[in-house]
Amino acid sequence: MPVLKNARHEKFAQELAKGKTADEAYQLAGFKPNRGNASVLKQKESISNRVAEILKQAEENDRKANERVIEKLAITKERVAAELAKIAFLDIREAVRWGRSPVDTESENANPNGLGIYPVELVPSDQISDEAAAAVSEVSLTQNGVKIKMHDKRAALMDLAKLMGFVIEKNEVTGKDGGPIQTETRTWREVLRDEKKG
């Protein structure tokens, strides 16, 4: 369906497709505010067909843009799965080393609670594997020393399971109290009558 001949009708359809309410779209199209007229215009077949066409074209444009990005970045299911697997299956010992016994428990620098200080160190950036580095979310220097934060292992496992088809998400939409969804079609006269009552 081509652009609507009536420029204000076209603008109205464009605004509806952007998610505006009928009242907002009606005013943005240059009409004087009138809820009843906005509702009636929205129900016109030419308007609803044009809105559907605009939305379909936007969806097609998004799909093509995503395809270009996927092609340009060489994003494949296998590559995504490989990146998720790095996070999901990393053993933290590949990024952090720690000792078994307390250090400095006897000197005046010892921890006052008597627990001592346990040696913990990060694997140097020039020695850490690419797989381990991919699982690291953040490394920062704090008042208490160096802090390392890993990506969420559980989230990566769930994303990987979904990608591989091990987990299937299902969403069910129902009406009130689990019943069927109720729909309603009203004429513009009924809309005007209800507006006058309410």
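Treat the numbers as computed from the prediction; the structure is a model and nothing was measured.

Moving on to the pairing of strand β3 (residues 136-142). Two elements, β3 and strand β4 (residues 145-150), share six bridges in a ladder whose sense is antiparallel. Pairing of T142 across the sheet is with G145, part of β4. What sits between the antiparallel neighbours β3 and β4 is a turn of two residues.

A separate point is the packing of aromatic side chains. Applying the stated criterion across every chain, the model contains two aromatic pairs. With a centroid separation of 6.1 Å and 90 degrees between ring planes, the pair formed by F12 and Y26 is classed as edge-to-face. On the criterion of sequence distance, the pair formed by F12 in helix α1 (residues 7-17) and Y26 in helix α2 (residues 22-28) is long-range, its members being 14 residues apart. Exposure remark for F12: the relative accessible area of 0% places this residue in the buried category. Taking the centre distance of 4.4 Å and the plane angle of 15 degrees together, the rings of Y26 and F31 count as stacked. F31 matches Y26 in its accessibility class, with the two residues each being buried. An aromatic cluster of at least three residues, connected via ring pairs, comprises F12, Y26 and F31.

Here is what the cut-offs are and how they apply
- Residues numbered from 1 in each chain as written.
- Predicted model: local features only at pLDDT ≥ 70, side-chain atom pairs only at ≥ 80, totals over all residues.
- Heavy atoms only, no water.
- Pairing = 2+ DSSP bridges.
- Helix = DSSP H or I, 4+ residues; strand = E, 2+ residues; numbered from the N terminus.
- Phe/Tyr/Trp six-rings, centres within 6.5 Å; stacked < 30°, edge-to-face > 60°.
- Buried < 20%, exposed > 50% of the residue type's maximum accessible area, 1.4 Å probe, protein only.

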